[in-house]
Amino acid sequence: MAAFVLRRLLWTLVLLVIVTFVTFLVFVQMPSADPAVLRAGRNATPEIVAALRDQFGLDQPWYVQYGKYVQHLVLHQDLGYSYQNNVSVGSEIVARLPVTLSVAIGSVLIWLAVGIPIGIISAVRRGRMSDRLLMIGALAAISAPAYWLGLVALYLLSKDIGVLPIFEGAGSYPSGGQSLFTAPAQVAPALVLPCLVLAASFAAIYARFVRASLSEVLAEDYIRTARAKGLRERTVVLKHGMRSTAVPIITLLGLDLGILLGGAILVEIVFNIPGMGRLSYEAIQRGDIPTIQGAVLLGAALIILLNLVVDVAQAVLDPRLRKARA
Amino acid sequence: MSLNVGRALGARKRSAAAAALVGAVAVLAGCGGSDSAGPAQTLANTPIAPVKGVPGGQATLLSAADVDSLDPGISDYNVGLMVLQATQRTLYAFAPDDATKVVPDLAKGLPKISDDGKTVTVTIRSGVRFAPPVDREVTSRDIKYAMERAFTKQVPSGYAASYFGSIVGVPKKPNAGDYQEISGIQTPDDHTLVLRLSKPDAGLVAQVLVKGITAPVPKEYARKFDQQNPSTYGEHVASTGAYMVERDASGKITGWEPGRELRLVRNPNWDPKTDFRPAYLDAVTIAGGNADSAVAARRTLSGQGFICCDAGSPPVELVRSAMARTPEQVKLFPARLTNWVALNTTIAPLDNLNVRRALMAGVNRSALRLPRGGPLMGDLATGYLPPGLQGYEEAGGAHQGADLDFNAHPEGDAEVAKKYMLAAKADGLPIDDQGIYTGDTKILAVAANSTPDNQTAEAFQAEAKKLGFDIELRLVPREVVFTNFCSTPAKKVAVCFLGFGSDTPDPYSMLVLPFDGRAIREEGNLNISQLNDPKVNAAIDKAASLSIGEGRLDAWADVDEQILEQAPAIPYVWTKKALVSSSDVQLVPNTYTTMPDLSFTSIRK
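The rules we used
- Residues numbered from 1 in each chain as written.
- Chains lettered and ligands numbered in written order.
- Predicted model: local features only at pLDDT ≥ 70, side-chain atom pairs only at ≥ 80, totals over all residues.
- Pairing = 2+ DSSP bridges.
- Helix = DSSP H or I, 4+ residues; strand = E, 2+ residues; numbered from the N terminus.
- Contact = placed C-beta atoms within 7 Å.
- Axes fitted to C-alpha atoms, helices over the stretch in contact; angles between N-to-C directions.
- Expected span 1.5 Å × (residues − 1).
- Buried ≥ 20, exposed ≤ 12 C-beta atoms within 10 Å, placed from the backbone.
- Arc of directions from axis to C-beta.
- Domains from an automatic or database assignment.
- pLDDT = per-residue confidence, 0-100.
- Core = buried A, V, L, I, M, F, W, Y, C linked by C-beta atoms within 7 Å.

Observations concerning the sheet that holds strand β5 (residues 119–123) of chain B
All names here are of chain B.
1) Next: The strand order across the open sheet built from four strands is β4-β5-β7-β6, with neighbouring strands paired in antiparallel fashion. Strands at the two margins of the open sheet, each flanked by one partner only, are β4 (112–113) and β6 (185–189).
2) Next: The pairing of β6 with strand β7 (residues 192–196) spans three bridges and is antiparallel. When the bridges of β7 are listed, Q186 appears paired with V194.
3) Next: Contacting β6 and β7, helix α4 (residues 140–149) runs over the sheet at an angle of about 170° to β6.

So, in structure tokens, the structure goes:
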């Protein structure tokens, strides 16, 4: 197991180098806003822009620029400087990441808490009216884009502009860089509606997945044996049935956490939550390349590490995988 | 200067705002709606004069963007300018409802200009003090340092070299080196600032003493921050205005979370006797990240204590609805911005004057205005000088260029267009007897691939087609429209769409950068039309050399007329700006920044 984890960590480093390279090529070498122009501000003369290009090394060959970027990153853990917000990218990420993690954790809890029970109920009551109604609901949730669902939720359910003012709305997220980790009582009310919106489609997907997977498992011989032994149906389903369903769910969860970061961008914009998603969106809009690079690198690192965690968890849950990977 | 390069060479915020032109376009983004009020109809502005308020209370601005910087030497975008006006005292400023006349702010009176036009002398007001942690009275030396640091590489102001480049002793390569004293900025005593110029440029320099680099910076405090590159003074800025960014007891700024929130509180050292601003509010919060202006505007209109929005106006339908239901919650006023279609005078067939005049005559400009909100959000433009800018009235106001038949009917005049097309035929161009172009030359037009720019471009494509011109429309990401296409003459782009605004009250920058033939550059070119007409250039030189009392504005009006005669660009809308507020907010906009004036806005009791 240790060798497996070590091997994966080494691959993680290789992948991160590739990510930095691709990001650099996409945002620095492809046509985009010129960092020197951003730094110079409006009305800058071409001479000033040229001086700044020289100062930033933007007139040097791309491989020299890339080398310096990696050098600063590795030796000084320096992700660069945002010329849009006039602060270091590292400090921006440190301030924003806990906010996005708060959104992500809230959403994951909701979608697991809602999606898995619905899937179990549908699998157990397969073909009945309750199963059909739940699956129609799931289909609707999958079909609704997060951005649209967010706006509808705001106009319907938010306290400031909603028809039924139930939940806190856009702009209710507390200031001061708070997150679920530092001020849960203040942050949680502002996260209910955004997390519900972000979790909706995932919960629906998980409900359908659990339903399909559990239905198959419940038809297995060992389940029949368990029932024949006189075990209670709840034990059969939750202990024996769900154990086999858990491994693919964890695999799916690892992949979905990456997709979740993409969804967080939309939800953070709609609900004005100052997290990594909004930071990335604003950076892309303004061509703030150092911030874009920092955000992409962080996102990639998170996804890779989460997948590593998922692989380890799978191995722990399934001895066959452990043996295969050894 | 003006091309609000933030607003013109680019804009945004807004827009931003990548390249200057990109910025200007971003300012206009987000407008849409129907032209139901009629093609040529224009709608009145709302009253914007300051109203006496009641001290106290707090307000929150729902903004899409954050300040570009808190450093007065750098800040030059909408939100930044708004905060700058509330937190800093520049030598001169504007009353909120009149961006054509400067009023003394830190200065005690109007600047004195020497007879040879090479010296500007300003007397500084007594009793203005820096906020904590500096806590001392402002002197002329603080302004000298503020101006000098704006020429360093650590504080690239962007406009210092353009506006103040004629001061004796400025670095030969501005913003490329470290700090050095500038001999032409002199302080004979604590309350006198003298600017000595290398050429008779005092008329212009006196007009731009409203800019942020004239806000005092205490050298003994700022020097350590200015030695870093880039300078970190903005994160420790010392205010002189009625407000300052919230600080803790140690003096550390705690009220700014970049990209998220900025909290302004009263400056305890501010003395109202020294300021023309009433500063009613106790505190102001600028809440960033409100990217969806529809949501932000709805929250504002239905909530309490809110103001909306920053660079762009709220959606036009919301503005229209609010004006009908709660007009006291809407402020609609000229944005000092002209949108035009630039016609490249060096590319066939647009290199023919009669073709350009035919297009100017034939294009229905209300069709181009429609995607930007129709008559509610702007008057049809017939000249380049927008309302709210000096020289607008002298140029004929809303009837600029009305004596030119090809410019007299902005809704389009087919007969006049035909007349000029036939004249172009006489010049040898392939045009039939009906005045329709029959050549196979395609005209390359480049526009942003987002609304409203793409829709305006498509409307122009349809209008030009009526005269037989085949417009090859290339829609590209907003941030590269100018940097990669329109501002690079080698790209041979024939038609571009831009908004041009002025960040000074003077018409200089509005007309020189986009139309002075000597300003054409291989890269970063703002003269998109590449107009290089000796008569226009000479008229520009004449206007630039005059002071206000010598007929400067009449001379700029003459320049406007002469440029129109060459038809290098089709002006189609003088854009308006809309701001909305909650019912308890007595909002006062500032026509210079086109943002709320935080020092005049108040809470209704």
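Remarks on helix α6 (residues 129–143) of chain A
Residues and elements named next belong to chain A.
1) Next: A rise of 1.5 Å per residue sets the reference length of α6, with its 15 residues, at 21 Å; its end C-alpha atoms lie 21 Å apart and thus fit the reference within 8%.
2) Next: Within the sequence span of α6, burial applies to L134, A138 and A141. Looking down the long axis of α6, one finds its buried residues gathered within 60° of arc, a one-sided arrangement. Seen from the buried face of α6, the exposed residues on the opposite side, beyond 90 degrees, are M129, L133, I136, L139, A140 and S143.
3) Next: Taken together, the buried residues of α6 touch α5 (89–124) and α8 (184–218).

Some words on the pairing of strand β13 (residues 330–343) of chain B
Residues and elements named next belong to chain B.
1) Next: β13 sits mainly inside the fold: 14 of its 14 residues count as buried.
2) Next: Of the strand pairs in this sheet, β13 and strand β18 (residues 569–581) are connected by eleven bridges, and their pairing is antiparallel. Across the sheet, the residue bridging to W340 is P571, located in β18.
3) Next: Note that β13 and strand β17 (residues 495–501) share seven bridges and pair antiparallel. Among the inter-strand pairings, L337 is bridged to a residue of β17, identified as G501.

Observations concerning the domain arrangement of chain A
All names here are of chain A.
1) Next: According to the domain assignment, chain A consists of domain 1 (2–89) and domain 2 (97–286 + 294–325).
2) Next: A C-alpha centroid distance of 33 Å is found between domain 1 and domain 2.
3) Next: Between domain 1 and domain 2, the residue contacts involve 14 residues of the former and 13 residues of the latter.
4) Next: Among the elements that take part in the side of domain 1 that touches domain 2, helix α1 (residues 2–29) stands out by supplying nine residues, more than any other.

What about the environment of G241 of chain A?
All names here are of chain A.
1) Next: Note that G241 resides in helix α10 (residues 233–270).
2) Next: On a C-alpha basis, the gap between G241 and D256 in space is 23 Å, while along the polypeptide they are 15 residues apart.
3) Next: When near neighbours in sequence (up to four residues on either side) are disregarded, G241 contacts L214, V217, L218, I223 and V236.

As for the confidence of the model for chain B
All names here are of chain B.
1) Next: Of the residues in chain B, 93% reach a pLDDT of 70 or more, and the chain-wide mean stands at 89.
2) Next: Contacts of residues 1–41 to residues separated by more than four positions or lying in other chains number 211 contacts, the stretch itself having pLDDT below 50.
3) Next: Scored by ipTM, the complex comes to 0.72, with pTM at 0.81.

Points about the pairing of strand β3 (residues 98–104) of chain B
Two faces belong to every sheet, and in a regular strand the side chains alternate between them.
Residues and elements named next belong to chain B.
1) Next: Two elements, strand β2 (residues 92–95) and β3, share four bridges in a ladder whose sense is antiparallel. Bridge assignment links A95 to a residue of β3, and that residue is D98.
2) Next: Hairpin connection of β2 to β3: two residues between the antiparallel strands.

Some points on the nonpolar core
Generally speaking, nonpolar side chains in soluble globular proteins are found buried as a group.
1) Next: Counting residues in hydrophobic clusters, the biggest one holds 242 residues, and the most contacted among them are A203 of chain A together with V341 and L511 of chain B.
2) Next: Tallying contributions element by element places α8 of chain A first for this core, with 17 residues.
3) Next: Counting contributing residues, this core receives three or more from each of domain 1 (2–89) and domain 2 (97–286 + 294–325) of chain A.
4) Next: Among residues more than four places away in sequence, those in contact with V341 of chain B are F460, V495, F497, A569, I570 and Y572 of chain B.
5) Next: Among the nonpolar cores identified, the runner-up in size contains eleven residues, and F27, Y69, M276 and A295 of chain A belong to it.

Quick look at unusual backbone geometry
1) Next: Across the junction of C308 of chain B and C309 of chain B, the peptide omega takes the value 5°, indicating a cis bond.
2) Next: Relative to the assigned elements, C309 of chain B resides in the loop between β12 (306–308) and α9 (316–325).
3) Next: The omega torsion across T451 of chain B and P452 of chain B is 0°, close enough to zero to call that bond cis.
4) Next: At N272 of chain A, a residue that is not glycine, the phi angle is positive and equals roughly 55°.
5) Next: By the secondary structure assignment, N272 of chain A is in the loop between α10 and α11 (276–286).
6) Next: One non-glycine residue, D135 of chain B, lies in positive phi territory at about 55°.
7) Next: In this structure, D135 of chain B sits in the loop between β5 and α4.
8) Next: Residue D135 of chain B is classed as partly exposed on the basis of its C-beta count, with 13 C-beta atoms lying within 10 Å.

Description of helix α16 (residues 534–545) of chain B
All names here are of chain B.
1) Next: The first and last C-alpha atoms of α16 sit 17 Å apart over twelve residues, in line with the 16 Å expected at 1.5 Å per residue.
2) Next: Of all the residues in α16, the buried ones are V536, A539, I540, A543 and A544. Across the axial projection of α16, the buried residues extend over an arc of 130°, all falling on one side. What points out from α16, more than 90 degrees from its buried face, is the exposed set P534, K535 and A538.
3) Next: Elements in contact with the buried residues of α16: α6 (202–207), α15 (508–515) and α17 (552–566).

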